[in-house]
Amino acid sequence: MSLVALVGTRLHAGETAYHSVDAMLHALSLGYGEDPLDTRQLRHVYEERLCVLPTLPLVLGWQGVWMPASVPGLALDLPRMLHAEERLDLPRRLPPAGIVREEVWVDAVLDRGAARGAYVHTRKELYSENDGLHLATLRSCVLARGDGGGGSAGLAPPALEPTPARPAEATRTRPTLRHQALLYRLNGDLNPVHASPAVAARAGFERPLLHGRCTLGLALREVLETCLDDDAAEIARVEVRFAAPFFPGETLRVRIWRDWKRIAFSADCVEREITVLSHGRVELRGAKES
């Protein structure tokens, strides 16, 4: 089976039950609770009036085509896959616990040639099993570096808006833990490239890298604290490009631009002076009516 043959097909369907401990673990893996006296952090890691982070849908259920056995009958070069872009739409906020029904579709494959791989665009829809309400749409783009040359098909999402050229209105710096990836993978993304030095080396990296979704979650922490008083309920849409690998233990520098109901962000690795997140956008509820 080829990648192109998957375009337009439903890759996965199922149900996922999650509990308050899953929501709290997700927050803990992003560093919430490091100051147990900070009540803004505590509301994400303590069951009393628990507030779910907007990135929780990223780790519920099906994790992505980079997971072993995620695409039956298709032999992919999994270690060489890189997360390229993420778009998350949140029609409503997830409750602290529940059962979600998920459907995953392959929307497009954009071939770059045998030596350059192919972009694979998938879409995950989440619905409440209790009442059928639409909870989230997650559009992921993966660069399959070892699986190019098979042709293109389908319709990819429009290009992301570029990072603003003007100086940032706020800059925040956050160190990461050396074991951050080992903690974050407990959310369900067990891709060995984030844990095994041997697998990371086969993929061309000097050491295991941090999950792109974890890097995104860390950047969104700074956006939430800087612009929204940590009120995650305001977020209706998030999108970002994973511009370069980021490694556990490195320092993340987040640049933020605020434009009424929209917030732009990017992030650099301080130690290597390289951009790791670009084209970042957060759309707040009511933005389309503004």
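Structure: see above.
Now for a description of the structure that goes with this document. Source: prediction; values computed, not measured.

1. Considering unusual backbone geometry
In this structure, W260 takes a positive phi of about 55 degrees despite not being glycine. Along the chain, W260 turns up in the loop between strand 9 (251-259) and strand 10 (262-269). The class for W260 is exposed, based on a relative accessible area of 60%. Although it is not a glycine, H279 sits at a positive phi angle of roughly 55 degrees. Note that H279 resides in strand 11 (residues 274-284).

2. Quick word on the environment of E271
Position of E271 among the secondary structure elements: in the loop between strand 10 and strand 11. Every residue in contact with E271, bar those within four places of it in the chain, is listed here: G249, E250 and T251. A distance of 2.7 Å separates a polar atom in the side chain of E271 from a polar atom in the side chain of T251.

3. Quick look at the environment of S152
Along the chain, the position of S152 falls in the loop between strand 5 (134-144) and strand 6 (153-154). Between the alpha carbons of S152 and H279 there is a distance of 24 Å; along the sequence they are 127 residues apart. Beyond its immediate chain neighbours, meaning those up to four positions away, S152 contacts V4, V109, L110 and D111. At 2.7 Å, the side chain of S152 and the backbone nitrogen of D111 are in polar contact.

4. Details of the pattern of salt bridges
The full count for this structure, using the stated rule, is 28 salt bridges. One salt bridge in this structure joins E48 and R49, with 3.5 Å as the shortest N-O distance. Note on R49: relative accessible area 68%, which makes it exposed. Note that E250 and R207 form a salt bridge whose closest N and O atoms lie 3.8 Å from each other. Here the residue E250 occupies a position in the loop between strand 8 (235-242) and strand 9, and R207 occupies one in the loop between helix 4 (197-202) and helix 5 (212-227), the gap between them amounting to 43 residues.

5. Overview of helix 1 (residues 20-29)
Along helix 1, the residues that are buried comprise A23, M24, H26, A27 and S29. Those residues of helix 1 that are buried are in contact with helix 2 (39-45), helix 3 (180-184) and helix 5.

6. Let's talk about the nonpolar core
Most often, soluble globular proteins have nonpolar side chains that are buried together. Core analysis: the biggest nonpolar cluster contains 53 residues, and F265 and V282 have the highest contact counts within it. Looking at this core, the elements that each hand over two or more residues are helix 1, strand 5, helix 3, helix 5, strand 8, strand 9, strand 10 and strand 11. It is helix 5 that contributes the most residues to this core, 8 residues altogether. Counting residues in each nonpolar core, the second largest holds 16 residues, with V65, L74, M81 and V104 among its members.

7. A look at the layout of surface pockets
If you add up the space inside the largest pocket, you get close to 560 Å³. Lining the largest pocket are 37 residues, and of these L82, H83, A84, E85 and F242 sit closest to its centre. Among the elements that make up the lining of the largest pocket, the one with the highest residue count is strand 2 (residues 81-89) (6 residues). Each residue belonging to the lining of the largest pocket can be placed in one class, and the counts come to 25 nonpolar, 7 polar and 5 charged.

8. Focus: the pairing of strand 8
With 6 of 8 residues buried, strand 8 lies mostly within the body of the structure. Relative to strand 8, strand 2 is paired through 5 bridges, and the arrangement is antiparallel. Bridge pairing in strand 8 places R87 opposite E239. Sheet analysis places strand 8 next to strand 11, joined by 6 bridges and oriented antiparallel. Across the sheet, residue E239 finds its bridge partner in strand 11, namely R281.

Calculation notes
Residues numbered from 1 in each chain as written. Predicted model: local features only at pLDDT ≥ 70, side-chain atom pairs only at ≥ 80, totals over all residues. Heavy atoms only, no water. Helix = DSSP H or I, 4+ residues; strand = E, 2+ residues; numbered from the N terminus. Buried < 20%, exposed > 50% of the residue type's maximum accessible area, 1.4 Å probe, protein only. Contact = heavy atoms within 4.5 Å. Polar contact = N/O pair within 3.5 Å; in protein donor to acceptor, adjacent residues only side chain to side chain. Salt bridge = Lys/Arg side-chain N within 4 Å of Asp/Glu carboxyl O. Core = buried A, V, L, I, M, F, W, Y, C linked by side-chain atoms within 4.5 Å. 1 Å grid on protein atoms, 1.4 Å probe; cavity = no way out; pocket = protein on both sides within 12 Å on 5 of 7 lines; lining within 4 Å. Points joined across faces, edges and corners; volume = space filled by probe spheres on them. Nonpolar A, V, L, I, M, F, W, Y, C, P; charged D, E, K, R; others polar. Pairing = 2+ DSSP bridges.

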